[in-house]
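Each chain is listed here by its residues.
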2 protein chains.
Amino acid sequence: MVDAQLTDDQVAALDAWWRAANYLSVGQIYLMDNPLLQRPLVREDIKPRLLGHWGTTPGLNLLWTHLNRLIRERDVKAIFLAGPGHGGPAVVANTWLEGTYSEVYPHVGDDARGMQELFRQFSFPGGIPSHVAPETPGSIHEGGELGYVLSHAYGAAMDNPDLVVAAVVGDGEFETGPLAASWHANKFVDPVHDGAVLPVLHLNGYKIANPTIPARIHREELLDLLRGYGHEVWTVEGDDPADVHRQLAGALDDAHDRILEIQRAAREDGDLERRPWPMILLVTPKGWTGPDVVDGVQVEGTWRAHQVPLANTREDDAHRALLESWLASYAPDELFDADGRLVPELRALAPLGERRMSANPHANGGLLRRPLRLPDFRASAVDVPAPGVTTHEATRVLGHYLVDVVRDNPDNFRIFGPDETASNRLDAVYEVTDKVFAGTILEVDEHLARSGRVVEILSEHTCQGWLEGYLLTGRHGLFSCYEAFIHLVDSMVNQHAKWLKTTRSIGWRPPIASLNYLLTSHVWRQDHNGFSHQDPGFIDHVVNKSAEVVRVYLPPDTNTLLSTMRHCLESTHYVNVVVAGKQPTFDWLDAEAADLHCARGLGIWDWASTTEGDPDVVIACAGDVPTIEALAATSILRERLPELAVRFVNVVDLMRLQDETEHPHGLSARNFDTVFTADRPVIFAYHGYPWLIHRLTYRRTNHPNIHVRGYKEEGTTTTPFDMVMMNDLDRYHLVMDVIDRVPGLGQRAAGLRQEMVDTRRRARAWTRVHGEDLPEVRDWAWSAEADTGRGESPSTTAEPDTGADNT
Amino acid sequence: MVDAQLTDDQVAALDAWWRAANYLSVGQIYLMDNPLLQRPLVREDIKPRLLGHWGTTPGLNLLWTHLNRLIRERDVKAIFLAGPGHGGPAVVANTWLEGTYSEVYPHVGDDARGMQELFRQFSFPGGIPSHVAPETPGSIHEGGELGYVLSHAYGAAMDNPDLVVAAVVGDGEFETGPLAASWHANKFVDPVHDGAVLPVLHLNGYKIANPTIPARIHREELLDLLRGYGHEVWTVEGDDPADVHRQLAGALDDAHDRILEIQRAAREDGDLERRPWPMILLVTPKGWTGPDVVDGVQVEGTWRAHQVPLANTREDDAHRALLESWLASYAPDELFDADGRLVPELRALAPLGERRMSANPHANGGLLRRPLRLPDFRASAVDVPAPGVTTHEATRVLGHYLVDVVRDNPDNFRIFGPDETASNRLDAVYEVTDKVFAGTILEVDEHLARSGRVVEILSEHTCQGWLEGYLLTGRHGLFSCYEAFIHLVDSMVNQHAKWLKTTRSIGWRPPIASLNYLLTSHVWRQDHNGFSHQDPGFIDHVVNKSAEVVRVYLPPDTNTLLSTMRHCLESTHYVNVVVAGKQPTFDWLDAEAADLHCARGLGIWDWASTTEGDPDVVIACAGDVPTIEALAATSILRERLPELAVRFVNVVDLMRLQDETEHPHGLSARNFDTVFTADRPVIFAYHGYPWLIHRLTYRRTNHPNIHVRGYKEEGTTTTPFDMVMMNDLDRYHLVMDVIDRVPGLGQRAAGLRQEMVDTRRRARAWTRVHGEDLPEVRDWAWSAEADTGRGESPSTTAEPDTGADNT
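Residues numbered from 1 in each chain as written. Chains lettered and ligands numbered in written order. Predicted model: local features only at pLDDT ≥ 70, side-chain atom pairs only at ≥ 80, totals over all residues. Heavy atoms only, no water.

Caption draft 1: Local environment of the overall build of chain A. Summing up its helical and strand segments, chain A has 25 helices and 22 strands in all. Taken along the three principal axes of its C-alpha coordinates, chain A extends 95 × 65 × 45 Å. Counting the 807 residues in chain A, one finds 71% classified as buried. Restricting to contacts in chain A with at least 6 residues of sequence separation, those with at least 24 account for 78%. Carbon together with sulfur atoms contributes 49% to the accessible area of chain A, which is approximately 23,100 Å² in total. Charge separation in chain A, taken as the distance between the mean sites of 74 positive and 115 negative side-chain charges, equals 3 Å. (Helix = DSSP H or I, 4+ residues; strand = E, 2+ residues; numbered from the N terminus. Buried < 20%, exposed > 50% of the residue type's maximum accessible area, 1.4 Å probe, protein only. Contact = heavy atoms within 4.5 Å. Areas by Shrake-Rupley, 256 points an atom, 1.4 Å probe, with all protein chains shown as cover. Lys, Arg positive; Asp, Glu negative; His and termini not counted. Charge placed at Lys NZ, Arg CZ, Asp CG, Glu CD.)

Right, here's the structure in full:
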C-alpha cells in the first residue's frame with residue numbers, strides 16, 4: 001500500500017474525470033440519441049446492434065485519468081498503449097475529453113451534438129471500430145490481436161530519452177506467448193539514450209469465459225514472476241474508488257520517481273548497472289462501476305462483464321432502466337453543461353497541447369519521421385568486370401553498406417534480429433556500433449554494450465514488436481531473419497499491414513517508414529538445418545495483404561541487393577520483403593546495371609539470351625539460387641542446341657508480374673506480353689512455392705504457357721545442389737523442361753534430354769557417396785561461356801515504353 | 001547443492017556412458033571413416049562438409065545418461081524431449097547405445113561397421129537430418145523451430161498418469177514467446193489422471209552469437225522467475241564431471257520424489273491443492289568436453305562452440321590433430337570393444353525394452369493410437385424439411401455432437417482452445433465435462449474443475465503445442481479457434497505438417513490422429529471486432545504444405561459441418577482445416593444429403609439450379625456465408641431472368657478443385673469439366689482470398705471463365721451484409737457479375753443490373769443510418785422461392801462416375 005498524498009478535492013476531481021470517461025464509454029456502446037439523458041431513455045435511443053467491450057474499459061479510463069495528473073504535475077511526456085485495446089470506448093472517451101478528438105474530427109464536436117455523434121459512430125456502420133485503432137488519436141497500438149503491447153512500448157521508448165510509455169497489459173493478454181517473452185525487453189533498455197516503459201498489469205481477473213492465470217495463482221507467486229521479469233512492483237488493489245485513487249496516485253508518483261532515479265544515475269553518474277524497473281500491478285473488478293447483478297447473475301467482477309453487460313436494452317424495459325440508472329450513476333449533469341460540454345473544472349485537468357497523450361506526436365510517428373540519410377549504394381557496390389566471374393556473399397556486402405547507414409543515422413535507425421545478425425553476415429555493422437544489452441557483460445563477449453544500434457533477442461515476436469513500435473513513433477529499421485521462421489510473425493505482419501492500409505486514408509496520420517525484412521538463410525541454403533528450416537511461404541502470406549502496402553523483392557546478386565535495400569530504406573508506409581542469400585554467389589550486374597534493373601523491377605538480360613529477337617523459349621527466374629540454375633540451363637542450351645533462340649528474363653520485383661490493375665507495380669498487359677511473349681513457352685525458375693507465380697500471372701495472355709519450378713516441400717539436410725534437384729529446380733531439369741515444351745526440337749534435343757536425366761541420376765548418386773556436389777556443379781561458372789561472344793556486357797533491357805517507376 | 005549418494009563406481013559408470021555418447025556425437029559430426037580411431041586420422045576420414053551443432057550436445061548426453069539411471073533404479077516410464085533439438089547427434093548417439101537405432105535401422109548395426117554408417121549418414125546426403133527429427137527413434141519433438149518443448153511435453157503427459165516427460169529447455173529457446181507462455185501449462189495438469197513433466201532448463205549460456213538472457217540476469221532473479229512460473233527448482237551447476245554427476249543424480253532423485261509425492265497426495269489423499277512442480281536448472285559449459293581454445297580463441301564455454309568447433313579438420317593438420325585428441329579424450333577403447341560394440345558393463349546401464357526412452361511407445365504414438373469411438377452424426381443432425389426453411393448455429397449443434405464424442409472417449413480425446421470454446425458455441429460439452437484448471441477456483445466460476453476434457457489458455461501457441469503433443473503420443477483432439485488468429489501458429493503447423501509428411505515414409509512410425517482445426521468466428525462475422533479480426537488466409541498457408549497431409553473443408557451448413565467433423569475425427573495423419581460460422585445460418589441439406597455431399601466433396605445442387613441440362617452460367621460457392629449470398633443471387637436470377645439456365649455448385653472439400661495429379665482429393669479433368677462446364681462463365685463466391693481458387697484451378701479447361709469473389713482485405717466493424725458488400729461478395733454484386741459475363745442477355749438484364757447497383761447503394765446508405773442491414777436482407781429466406789416448384793428436395797448430384805472417396 002502506498003502512502004497517498006492527495007487531498008479530498010484532488011480525489012474528487014480525479015473521480016469526476018473518471019466518471020466522465022466511463023459515462024462516455026457506456027454511451028458509445030449503447031446510445032444513438034439522448035446523449036445527456038435529458039429525457040427518459042426510450043427504445044429508439046438504443047443502437048439496434050450492441051457491439052463493444054465494457055469489461056476492461058473502466059480500468060483503462062482510471063489509468064488515463066491518473067496519468068494525466070502525473071503529466072500535468074510533472075510535465076511528463078507520455079503516451080498510452082492499451083494492451084486490452086478492445087476497450088476502445090475508453091481511449092476514444094479520453095481523447096474526446098481532451099479535445100483532440102474534435103480537433104482531428106471536426107464533425108464530432110465538443111458539445112452535445114458532438115457527443116451524440118461520438119456515441120452513434122462507435123461500432124456503427126460507417127463509423128469507427130470497436131477497438132483502439134488507427135482512427136483513434138494518440139494510439140500506436142491496434143487493439144485487435146493480443147500480445148504486443150510491451151514490445152511496441154519498448155520500441156517506442158528507444159532513442160526517446162524523455163518519453164514515458166505507459167503500457168497496460170491485460171491479464172488475458174498476459175497469457176500469450178509474445179507478451180510473456182516481451183517482459184524481457186527491459187534487458188535492452190539503454191537508460192541514457194532510451195526513454196522508459198511503465199508496464200501496468202491490470203488484473204481484472206477474467207477473459208471472455210474464464211478467469212485469468214495471473215489472477216488465480218498465489219499473489220506471492222505472481223510477484224515472484226514479475227520480479228523475475230526484472231521489475232519492482234507497486235500493487236494497487238481495491239474496489240473503493242477513493243481508496244484506489246489514492247493508492248494509484250501514490251504508486252504512479254513512486255514509479256515515476258524510480259524511473260527518474262535510474263535515468264539520473266545512468267545519465268549523470270554513468271552508473272549503468274541494470275536495476276529493476278518499476279511497474280504497477282492494478283487489481284480492480286472487471287466491469288467496475290457497471291451493472292452488479294443482471295437477471296439474477298453476478299456481472300460486475302466476472303467474465304460476464306467482458307462485452308455488453310446489458311444485452312437487451314432496446315427491447316427489454318427492465319434492462320433499459322438498468323442502463324439508465326447505470327448512466328445516471330456517473331452524475332452526468334455534474335460533468336457536462338447543458339450544451340454537453342465538459343465543465344471547466346474538469347477541462348482544466350487535461351494536459352495542454354502536445355502533452356495530451358491523445359495529441360503527443362510520438363503517437364503519430366509520421367509527424368516526427370525524418371528521412372534516413374542514405375549513402376549512395378555504389379560506394380559499397382562490388383566490381384563486376386563481367387557477369388559470373390566474381391562471387392560475393394550478398395548480405396556480407398550489404399553489411400558494409402549498413403555501416404554507413406548506421407553511422408549517418410545515429411539516433412534514427414536500428415537493426416533487429418533473433419540472434420542472427422552475425423549469422424546472416426551483416427556483422428560489418430559492428431565496426432560502428434554494438435549490440436545493446438543491459439544484462440551482465442563478460443570479458444569474452446564481443447560487440448555487446450550498454451548502447452548500440454543492433455537489438456537481438458531470440459524472439460521473432462519481440463523483434464517484430466520492437467521494430468513496429470520504433471517505426472510507428474517515426475523512426476526507421478530493418479529486421480533480418482531466417483526465411484523459414486519469419487512465419488512466426490505472420491499474424492503480427494497481418495496486423496501491421498492492416499494498420500498501414502487503414503492509415504492511408506486517415507489524413508492526419510502522415511506516412512511512417514516502411515517495415516523492411518531481410519530474409520536470408522533461405523530455403524535453398526539450409527545446409528546445417530534441413531527440412532524444418534525450409535519454408536519460402538512468407539511471401540505468399542504477405543501478398544494476401546492489400547496491394548497498396550506490400551512489396552516483395554528477390555535480388556539475384558550482391559549489387560541488386562544493395563540497390564533494393566537502399567530503395568526500401570527510403571520508402572514509406574510499405575511492408576518490404578527482401579529475400580537474399582548469405583552464401584557466396586555469382587555477381588551478375590555492376591552497380592549501374594543493378595540499379596537500372598531494380599528500378600525496372602524485371603527485365604530481359606540480353607547478355608544471357610541467345611537472341612535479341614523473337615525467342616523460341618523464355619527462361620525466367622526470380623531469386624538468387626534460381627537465377628544461377630536458370631543461367632546454367634541457358635548455357636547448356638546455348639552450347640548444345642545453338643539453334644534454339646532463348647530469351648533470359650530476371651525478376652527482382654515480384655509484384656511486376658501482376659497486372660497494373662491489381663498492384664501499383666504491375667506491368668501493363670502489353671508490356672508483359674512484350675517481355676514474356678504471347679505464345680512461347682516460359683520456363684520460370686522461382687525461389688518459393690511455384691503456384692505463387694501462377695497466382696500472379698493467371699490473367700496474362702501467355703499464362704497457359706508459363707511453367708514454374710520452385711520449392712515443393714521436398715527437403716532435408718543435404719548439399720545445395722541436391723536440394724534444387726529434389727525440387728526439380730536444377731539446371732538439368734530446366735533444360736528438360738525447355739525440351740519438353742518447345743515443339744519440333746528433333747533428335748538432338750531428345751538425346752540431350754536423356755543426357756540430362758542421366759546427369760541428374762549421376763549427380764544424386766555422387767552426392768550420396770561423396771557428401772558434396774558433383775565437381776562440374778561446384779566448379780561451374782558462367783565465365784566459362786564468356787568467350788562464346790556473349791556475356792561481356794552486363795546490360796539489362798527492360799520491357800519497352802513503360803513509365804512506371806519502382807516505388 | 002544436493003547431497004549425492006552415488007558410489008565412485010556409479011559415477012564412473014555414468015561418466016563412461018556419457019563419454020560414449022559424446023564420442024559418438026563428435027564422430028557423427030566429423031567422421032566418414034576410421035570410427036574407432038584404429039589408425040591416425042587422415043584427410044579422407046573427415047566429411048567434406050561439416051554440418052552439425054556441438055554446443056548443446058554434451059548437456060543432452062548428460063541428461064539422457066542420468067535419466068537412464070533413474071529409469072533403471074525406479075522402473076520409471078519416461079520419454080525425452082530435446083528442446084535444443086539441433087543437438088541431434090546426442091539423441092541419435094543414445095538411441096544407438098540403447099540398441100534401438102540398430103533395431104529400427106538394421107543397416108546401422110551395433111558394431112564398428114554400424115558405427116561407421118551411423119557417423120557417415122549424419123547430416124549427409126541421403127542420410128539423416130542434423131536435428132532431432134521424425135527419423136530419430138524416441139522423439140516426438142522435431143529439433144527445428146524453437147519454443148515448443150514444454151507445450152509438447154505437457155500434451156504428452158495428459159492422460160498418461162504413469163509417464164514422466166523429461167523436457168529440456170535450451171536457454172536460447174527460453175527467450176521465445178511460445179516457450180515463455182508454456183511454462184504456465186503446469187496450471188492445467190491434473191495430478192490424478194495426468195503424468196508429470198520434468199522441465200530441465202539447461203543454462204549453457206550462449207546462443208549462436210550472443211549470451212542468453214537467463215544466463216545474464218542475477219541468479220536470484222532467474223530463480224524468482226522460475227518460482228513465479230510455479231516450480232520448485234533444483235540447481236545443478238559445475239564443470240567438473242564427477243561433481244556434476246553427483247549433483248545431477250541427487251537432483252533427479254529429489255525431483256522424482258517430489259513428483260511422486262504430489263501424485264500420491266492427489267491420488268490417495270484427494271489433495272488437489274496446486275503445488276510447485278519440481279524442475280532442474282542445469283548450468284554447464286557450452287560445448288563441454290570439446291576443444292577449449294582453437295586458433296587462440298576460447299571455444300568451450302562460449303557461443304563459438306555452437307556448431308562445429310573445429311572447422312577445418314579436413315585440410316588443416318593442426319585442426320585434425322585437435323579433433324583426434326578430442327575424440328581420444330573420451331577413451332573409446334574403454335567404451336567399445338575391438339568390433340566397435342559397446343562393452344557389456346555399459347550395455348547394462350541401458351534400461352530394457354520399452355523402458356528405453358528410445359523405444360518407449362509413447363514416443364511413437366501411432367503404436368498406441370486407438371480409433372475414437374464416434375457416434376453417428378445423424379443422431380445430432382438437425383431436421384431439414386426443405387432447404388433454407390430453418391436456421392441453426394452450426395457450431396452449437398456440433399457442440400451437441402461433441403458431447404457424445406467426449407462421453408464415449410473419456411481418456412482419449414480433448415478439446416483445446418484460447419478461451420473460446422463457449423464463445424465458439426461448443427459449450428454443450430460442459431454437460432459432460434469441465435475445463436481443467438489447477439489454479440484457484442471460486443464459487444462464481446462455471447465448468448472449471450481439477451479434471452476436464454476442455455483445455456483453455458489464452459495462448460494459441462500453447463493450445464497448438466498441447467494438441468500436437470497429445471496427438472504425437474497417440475491420442476485425438478480438436479483445436480477450436482478464431483479464424484484470424486490461427487495465423488499465430490502458422491509456423492507451428494508448418495513444422496507439424498513437415499513431421500507428418502516425413503513420417504509417411506518411415507515404416508516403423510504408424511500414423512497418428514489428424515490435427516483438426518475448427519476455425520469459427522470467421523472473417524464474415526466479426527461484428528464485435530472488425531478489421532483486425534478479419535483474415536481467412538490460414539487456408540492459403542496450409543495448402544502450401546505437402547498435398548499428402550493437408551485437407552480443407554468449408555461446410556455450408558450445420559449438417560455438413562457434422563458430417564465433415566465426424567470424418568476429420570476419424571481420419572489419420574492429416575492437418576484438417578474446417579471453417580464454419582457460429583452465427584445462426586440456414587440449413588440446406590438434411591443428414592443424408594449432407595453426408596453424401598461431404599463424401600463427394602463438391603456437387604451440383606439440383607434444387608437450387610434452374611436447369612438440369614447445360615447451363616448458361618455456373619454459380620459456385622464455398623463457405624457458409626458465400627453459400628447464402630450465392631443462393632440469394634440465384635433466386636433473384638430465377639425470378640427476374642427466368643430464361644437464364646443456372647447451375648448451382650457447392651464446394652465443401654476445397655482440394656477437390658485441384659487436379660487429381662496435384663492432390664489425392666483432386667477431381668479428374670473430365671469430371672471437373674462436367675461440373676463446371678468447359679466454356680460457361682463460372683461465378684464463384686468464396687469464403688477466403690479469391691486468388692486461392694485461381695491457384696487451385698489454373699490448369700482447368702474452363703479456368704479463363706472462372707470469376708471469383710471473396711475477401712479482398714476490406715473490412716471494419718459493421719453489419720454482416722455491409723461486410724460482404726465491402727468485398728463485392730453480396731448477392732447483388734453476384735447478379736451483376738452474372739449479367740456482365742453471360743453474353744446476349746439483353747435489355748431486361750441491363751435493367752436488372754442497374755437495379756442491383758441501386759440496391760447496393762440503398763443498402764449501404766440504409767445501414768449507415770439504421771445501424772443494421774436492409775430489412776429485405778435480414779428477412780430473406782430461400783423458402784420464399786420454394787413454391788416456384790423447385791427447392792423441395794434437398795438432393796445433391798455430384799459429378800458422374802468418380803470413384804474417389806473423401807478421405
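Additional details are given in the paragraphs that follow.
Caption draft 2: Layout of the packing of aromatic side chains. In total, this model carries 57 aromatic pairs over all chains according to the counting rule given. Ring geometry for Trp605(A) against Phe648(A): centres 5.7 Å apart, planes inclined by 25 degrees, an arrangement best described as stacked. With Trp605(A) in the loop between β18 (602-604) and β19 (617-622) and Phe648(A) in strand β20 (residues 646-651), this residue pair connects regions lying 43 residues apart in the sequence. By the burial criterion, Trp605(A) is buried, and Phe648(A) matches it. Aromatic pair Phe721(A) and Tyr732(A): ring centres 5.8 Å apart, planes at 80 degrees, arrangement edge-to-face. Within this pair, whereas Phe721(A) is found in helix α22 (residues 720-726), its partner Tyr732(A) is found in helix α23 (residues 731-741), the two being separated by eleven residues in sequence. In this structure Tyr732(A) comes out as buried when scored by relative accessible area, which is 6%. Here the aromatic residues Phe586(A), Trp588(A), Trp605(A), Trp607(A), Phe648(A), Trp780(A) and Trp782(A) are joined through ring pairs into a cluster of three or more. Its end group placed over the ring of Phe531(B), Lys498(A) keeps NZ or CZ at 3.8 Å from the ring centre. (Phe/Tyr/Trp six-rings, centres within 6.5 Å; stacked < 30°, edge-to-face > 60°. Lys NZ or Arg CZ within 6 Å of the ring centre and 35° of its normal.)

Caption draft 3: Region of interest: the side chain of Asn702(A). With respect to the helices and strands, Asn702(A) occurs in the loop between α21 (691-697) and β22 (706-709). A polar side-chain atom of Asn702(A) sits 2.7 Å from a polar atom in the side chain of Asn705(A). (Polar contact = N/O pair within 3.5 Å; in protein donor to acceptor, adjacent residues only side chain to side chain.)

Caption draft 4: Structural detail: empty space enclosed by the protein. Under the criterion given, the structure shown has 19 cavities of 30 Å³ or more. Of the volumes computed, that of the largest cavity is approximately 470 Å³. His86(A), Leu146(A), Ile208(A), His306(A) and Leu458(B) are, among the 35 residues lining the largest cavity, the residues nearest its centre. At the level of elements, α7 (177-182) of chain A together with α14 (460-472) of chain B are the ones that each hand at least two residues to the lining of the largest cavity. Considering only residue class, the lining of the largest cavity consists of ten nonpolar, 17 polar and eight charged. (1 Å grid on protein atoms, 1.4 Å probe; cavity = no way out; pocket = protein on both sides within 12 Å on 5 of 7 lines; lining within 4 Å. Points joined across faces, edges and corners; volume = space filled by probe spheres on them. Nonpolar A, V, L, I, M, F, W, Y, C, P; charged D, E, K, R; others polar.)

Caption draft 5: Geometry of the relation of the copies chain B and chain A. The two copies are related by a screw motion: chain B maps onto chain A through a turn of 180 degrees and a shift of 0.0 Å along the axis, at an RMSD of 0.0 Å. The superposition of one copy onto the other is thereby described by a two-fold rotation axis. (Least-squares fit on C-alpha atoms with pLDDT ≥ 70 in both.)

Caption draft 6: Representation of unusual backbone geometry within the structure. The backbone of Leu37(A) shows a phi angle near 55 degrees, a positive value even though the residue is not glycine. Within the secondary structure layout, Leu37(A) lies in the loop between α1 (8-30) and α2 (57-74). With a phi angle near 70 degrees, Thr677(B) is a residue other than glycine that sits in the positive phi range. Among the secondary structure elements, Thr677(B) is positioned in the loop between α20 (669-676) and β21 (682-686). When its relative accessible area of 8% is taken as the criterion, Thr677(B) is described as buried.

Caption draft 7: Up close: the layout of surface pockets. The space that makes up the second largest pocket amounts to roughly 1,200 Å³. Along the wall of the second largest pocket there are 45 residues; nearest its centre are Gln307(A), Val308(A), Ala311(A), Arg425(B) and His528(B). Of the residues that constitute the lining of the second largest pocket, the class distribution is 18 nonpolar, twelve polar and 15 charged.

Caption draft 8: Here's a closer look at the packing of α1(A) against helix α10 (residues 317-328) of chain A. All names here are of chain A. Two elements in contact, α1 and α10, have axes separated by 9 Å at closest approach and are oriented at 155 degrees. Relative to α10, the element α1 lies roughly antiparallel. In this structure, α1 uses Tyr-23, Val-26, Gly-27 and Tyr-30 to contact α10, whose residues at the interface are Leu-323, Trp-326 and Leu-327. When the residues that make up the contact of α1 with α10 are grouped by side-chain class, the tally is six nonpolar, one polar and no charged. (Axes fitted to C-alpha atoms, helices over the stretch in contact; angles between N-to-C directions. Parallel < 35°, antiparallel > 145°, perpendicular 65-115°, else oblique.)

Caption draft 9: Main features of helix α24 (residues 746-770) of chain A. Residues and elements named next belong to chain A. If you check α24, its first and last C-alpha atoms are 36 Å apart, about what 25 residues at 1.5 Å a residue would give, namely 36 Å. Where the residues of α24 are buried, they touch α19 (624-640), α22, α23 and α25 (775-778). Of the residues flanking the end of α24, it is Gly-771, one or two places downstream, whose phi is positive at about 75 degrees. (Expected span 1.5 Å × (residues − 1).)

Caption draft 10: Broad picture of the sheet that holds strand β2 (residues 163-170) of chain B. Residues and elements named next belong to chain B. Spatially, β1-β2-β3-β5-β4 is the arrangement adopted by the five strands of the open sheet, whose pairing is parallel. The strands lining the two open edges of the sheet, one partner per strand, are β1 (77-82) and β4 (231-237). Ignoring which end each strand starts from, the neighbouring axes of this sheet average 20 degrees apart. Relative to strand β5 (residues 277-283), β4 runs parallel, the two being bridged by seven bridges. Within the sheet, the bridge partner assigned to His-231 lies in β5 and is Trp-277. Those strands touched by helix α2 (residues 57-74) are β1, β2, β3 (196-203) and β5, and its axis lies near 175 degrees from that of β1. Of the strands in this sheet, β1, β2, β3 and β4 are in contact with helix α6 (residues 149-157), which crosses β2 at around 175 degrees. (Pairing = 2+ DSSP bridges.)

Caption draft 11: Broad picture of the domain arrangement of chain A. By the assigned domains, chain A splits into domain 1 (54-108 + 129-313 + 354-361), domain 2 (381-586) and domain 3 (615-786). A C-alpha centroid distance of 54 Å is found between domain 1 of chain A and domain 3 of chain A. (Domains from an automatic or database assignment.)

Caption draft 12: Just the interface of chain B and chain A, in detail. Opposite the 123 residues of chain B that make contact, chain A presents 122 residues. Carbon and sulfur atoms make up 55% of the surface buried where chain B meets chain A, a total of about 9,700 Å² over both sides. Considering only the surface of chain B that becomes buried against chain A, Arg216(B), Leu458(B) and His528(B) emerge as the three largest contributors, covering 8% of it. At the junction of chain B and chain A, the tally comes to 63 residue pairs in polar contact (both at pLDDT 80 or more). Listing elements by their share of the side of chain B that touches chain A, those giving two or more residues are α7 (177-182), α8 (219-228), α15 (490-503), α16 (538-542), α21 (691-697), α22 (720-726) and α24 (746-770) of chain B. For the side of chain B that touches chain A, the element with the most residues is α15(B), which contributes seven residues. Of the residues belonging to the side of chain B that touches chain A, the class tally is 45 nonpolar, 45 polar and 33 charged. (Buried area = accessible area lost by both parts, 1.4 Å probe.)

Caption draft 13: Region of the structure containing the sheet that holds strand β3 (residues 196-203) of chain A. Residue and element names in this part refer to chain A. Strands sit in the order β1-β2-β3-β5-β4 across an open sheet of five strands; the sheet is parallel. At either margin of the open sheet sits one strand with a lone partner, and together these are β1 (77-82) and β4 (231-237). On average, adjacent strands in this sheet sit at an angle of 20 degrees to one another, irrespective of strand direction. Strands in contact with α2 are β1, β2 (163-170), β3 and β5 (277-283); relative to β1, the strand with the most contacts, it is inclined by about 175 degrees. Seen against the sheet, helix α6 (residues 149-157) touches β1, β2, β3 and β4 and runs at an angle of roughly 175 degrees to β2.

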